[in-house]
Amino acid sequence: MPHRPHVLIVDDEPDFARGLSRLAAELFPEVVVAQAFSGAEALDCLRAQRVDVLITDLRMPGMTGLQLVPMALEQDADLSVVVLTAHGSIETAVEALRAGAYDFVAKPVEPEQLARVLGKGLERSRLLAENRRLRDVVSLGTGRDDLVGQGQAMQALRRTIATVAQSDYTVLVRGESGTGKEMVARTIHRQSQRAPMPFLAVNCPAIPEHLLESELFGHVRGAFTGAERDRKGLFAMADGGTVHLDEIGDISQPIQTKLLRFLQEGEIRPVGSGRTENVDVRVVASTNQDLEARMASREFREDLFYRLNVVTIRVPPLRERMEDIPLLAVTFLRNACDELGLPQKTVSPDVLDHLAGRDWPGNVRELQNVVRRLTLFCTGDELGMDTVRHVAVGGHGRTGDWLRARQAGCRGIAGGILGGAGDSGVAGAPGTPDGGQAGDAARAGRSGGAPSGGAAVAPYKTAKARVTDQFTERYLRDLLAQTGGNVSEAARLSGLSRVAIQKMLGRLGMDVGEFRG
């Protein structure tokens, strides 16, 4: 049964504690809320039950809230502690923050403020728990060549590989570039009876055609200029094992013909030789090409396709297994630290959320390279958003391109507000086509002049809040319309937590009921 978030409210006034508990339960119905009426009782509750967020008053007889904070964190370092402070005692709240508290709420408690702080605390607890789970999973890994991922797509892939590995059939692995096709081929070999024998891989298009034949089948002395001695090809060297032919769709017609004969007869003839040799090799081929289309255009032999396509394994792209991104990132961070000879680092929940929210057209390979760059530029023990921003500002690769695009989009929206471009506030909306009035107004604001039309420039925080609320409301309406008001499904599709969605709905005064039925 999944863990339900637990909140513990500590106050020496029982009526206040119960009232605050009712308010928290109304704001977050999925949360279990309990009360304790002293610091000692709160510590007993923490020992008996895992708590995600602790909300404690500062002024209590006996053990004060300020004394409770470090003792609670000693029991659970990931606990999010929120302190309650009366007006005029902000200094004490600051002292509590220095002692490890996560945030504070001023009395009298306003529902909006409680929703904001408690929502952030619950989300922080969830992210820390997920980060801890990922570290545990990585620590149980059996090696760098393991397929990484716990989602349904990867579980199905593992089951397919385990079944295919027990046979000796030729396998065709299909998938987009960067999805890990060679990793699949290696895993098939490692789980098969051929595991003690060699596994050799060749990237077919990386070798010129006149050399690829020699690379695969070998050659004898004098077969061509520079052939000063006999040389075994990959098939002969891998006798008893497995050969992985990567990007098989790019090989030439003459090589296709020789490969077909090998698959049919199990024999090879080295370049320049008049004799054949029998070899026992399993072939695992892979491609990101549309082989059916290449057959239709006569670029790929139909008979070779059917020889290769005894068993097909499709490797899912990263967009179909987004839930695996945090685990992949943690694994790649560990590997990158080993490659660079660095002490192991941790990764912040914010960075995991950032990576999970990105598009990855280059799939797992692109994610791995981004994590390598971030590791290289990370100077501390934890990979945080400051490193992401540094890599982005420095223009080091695709991460920088992505963040700059996000920032450019934000500038366009801000321009709409500065120019008073109606309710949309979006560059390109009616009346502000692609750098029109809104862009002019934004440029006027930057140059010190008044925006066109005499519209006043809104304060930054007001403008930002307006854009954020407009975007959030439009996004939630589209999302909930698609899910029929199902918040759990909306959370799954958006990558947000149920808590975050409910908090946004409450803040915007939206009712999920209007999207149901």
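The residue numbering used here restarts from 1 in each chain and proceeds along that chain's sequence as written. The model is predicted, so local features are restricted to residues of pLDDT at least 70 and side-chain atom pairs to those at 80 or more, both for listing and for counting; the totals for chains, interfaces and linings are taken over all residues. Excluded from the side-chain calculations are hydrogens and water; all other atoms, namely the structure's heavy atoms, are used.

## A short note on the confidence of the model for the protein
pLDDT measures the predictor's confidence residue by residue and takes values from 0 up to 100. Averaged over all residues, the pLDDT of the protein equals 81, while 83% of them reach at least 70. Two residues qualify as a contact provided that any one of their heavy atoms is within 4.5 Å of a heavy atom in the partner residue. Below a pLDDT of 50 lies the segment residues 393-397, which in the model reaches 6 contacts outside its immediate sequence neighbourhood of four places, other chains included. Confidence drops under a pLDDT of 50 for residues 404-455, and excluding neighbours within four residues, the segment shows 43 contacts in the predicted structure.

## Examining the pairing of strand E3 (residues 53-57)
Note on exposure labels: buried denotes an accessible area under 20% of the residue type's maximum, exposed denotes more than 50%, and partly exposed covers the range between, all computed with a 1.4 Å probe on protein chains only. A run of H or I in DSSP becomes a helix once it reaches four residues, and a run of E becomes a strand once it reaches two; helices and strands are each numbered from the N terminus. Where burial is concerned, most of E3 is hidden: 5 out of the 5 residues are buried. Here E3 shows a buried face lined by Val53, Ile55 and Asp57 and a second buried face lined by Leu54 and Thr56. Only when DSSP finds a minimum of two bridges between them are two strands counted as paired. Where E3 meets strand E4 (residues 80-86), 5 bridges bridge the pair, whose relative direction is parallel. Paired with isoleucine 55 across the bridge in E4 is valine 82. Crossovers are marked right-handed if the path from the first strand over the helix to the second runs clockwise, as seen with the strands pointing away from the viewer. This β-α-β element, E3 to helix H3 (residues 65-75) to E4, shows right-handed connectivity.

## Considerations on the environment of glutamate 95
Examined against the element boundaries, glutamate 95 turns out to sit in helix H4 (residues 90-98). Relative accessible area serves as the criterion here: at 44%, glutamate 95 is assigned to the partly exposed category. For the pair glutamate 95 and leucine 66, spaced 29 residues apart in sequence, the C-alpha separation works out to 7.8 Å.

## Quick look at helix H6 (residues 152-165)
A turn of α-helix holds 3.6 residues, and therefore any two residues three or four places apart point the same way. For H6, with 14 residues, the first-to-last C-alpha span of 20 Å sits near the 20 Å given by 1.5 Å per residue. Looking only at H6, the buried set comprises Met154, Leu157, Ile161, Val164 and Ala165. All buried residues of H6 lie within an arc of 95 degrees about the axis, which places them on one face of the element. For H6, the exposed residues set more than 90 degrees away from the buried face come down to Gln152, Arg159 and Thr163. Contact partners of the buried residues in H6: strand E6 (171-174), helix H7 (181-191), strand E11 (282-287) and strand E12 (311-314). A helix is expected to reach a length of 1.5 Å times the quantity of its residues less one. Working note: the arc is built from the helix axis to C-beta atom directions.

## Quick look at the side chain of lysine 181
Looking at where lysine 181 falls in the secondary structure, it is placed in helix H7. This count recognises Lys and Arg as positive and Asp and Glu as negative, with His and chain-terminal groups excluded. We define a salt bridge as a contact between a side-chain nitrogen of Lys or Arg and a carboxyl oxygen of Asp or Glu at a distance within 4 Å. Look at lysine 181: it is buried, it has no salt bridge, and the nearest opposite charge is glutamate 247 at 4.2 Å. Polar side-chain contacts of lysine 181 include one of 3.3 Å to the backbone oxygen of glycine 175. The residues touching lysine 181, leaving out its near neighbours within four places in the chain, are Val173, Arg174, Gly175, Glu176, Glu247, Ser286, Thr287, Asn288 and Val315. Here a polar contact is recorded for every N or O atom pair within 3.5 Å, except that within protein the pair must consist of a potential hydrogen donor and a potential acceptor, and residues adjacent in sequence are included only if both atoms are side-chain atoms.

## Quick look at the packing of aromatic side chains
For any pair of aromatic rings, the description rests on two quantities: the centre-to-centre distance and the angle between the ring planes. Only centres within 6.5 Å qualify two rings of Phe, Tyr or Trp (six-membered ring in Trp) as a pair; their planes then separate them into stacked at under 30 degrees, edge-to-face at over 60, and tilted for everything else. Enumeration over the complete set of coordinates arrives at 4 aromatic pairs. Judged by centre distance (5.5 Å) and plane angle (50 degrees), the rings of phenylalanine 217 and phenylalanine 235 are tilted. Taken as a pair, phenylalanine 217 in helix H8 (residues 209-217) and phenylalanine 235 in helix H9 (residues 234-237) lie far apart in primary sequence, 18 residues in all. On the basis of relative accessible area, phenylalanine 217 is assigned to the buried category, the value being 2%. Ring centres of phenylalanine 235 and phenylalanine 262 lie 4.3 Å apart, and the angle between their planes is 25 degrees; this geometry places the pair in the stacked category. Of this pair, phenylalanine 235 sits in helix H9 while phenylalanine 262 sits in helix H10 (residues 253-265), placing them 27 residues apart in sequence.

## Some details on the pattern of salt bridges
Per the stated rule, a full pass over the model turns up 24 salt bridges. Among the ionic pairs, arginine 50 bridges to aspartate 52, the shortest N-O distance being 3.4 Å. We note a salt bridge from arginine 186 to glutamate 182, for which the minimum N-O separation is 3.0 Å. Of this pair, arginine 186 and glutamate 182 both sit in helix H7, separated by 4 residues, roughly a single helical turn. Its relative accessible area of 30% is what places glutamate 182 among the partly exposed residues. Taken together, the shared-partner salt bridges connect Asp11, Asp57 and Lys107 into one network.

## Some points on the packing of helix H13 (residues 325-340) against helix H14 (residues 349-356)
Helix axes are fitted to C-alpha atoms over the stretch in contact, other axes to C-alpha atoms as well, and angles between N-to-C directions run from 0 to 180 degrees. Contact geometry for H13 and H14: axes closest at 9 Å, N-to-C directions at 120 degrees. Classified by the angle between their axes, H13 and H14 sit oblique to one another. Along this stretch, H13 crosses H14, giving a crossing that reads as right-handed. Here Ile325, Pro326, Ala329 and Val330 of H13 come into contact with H14, specifically with Leu352, Leu355 and Ala356. Tallied by class, the residues present in the contact of H13 with H14 amount to 7 nonpolar, no polar and no charged. Each angle receives one of four descriptions, namely roughly parallel if under 35 degrees, roughly antiparallel if over 145, roughly perpendicular if within 65 to 115, and oblique otherwise. By the definition used in this description, the sense in which the near helix is turned from the far one sets the handedness, with an anticlockwise turn below a right angle giving left-handed and a clockwise turn giving right-handed. Residue classes follow a fixed rule: Ala, Val, Leu, Ile, Met, Phe, Trp, Tyr, Cys and Pro count as nonpolar, while Asp, Glu, Lys and Arg count as charged, and any other residue, Gly among them, counts as polar.

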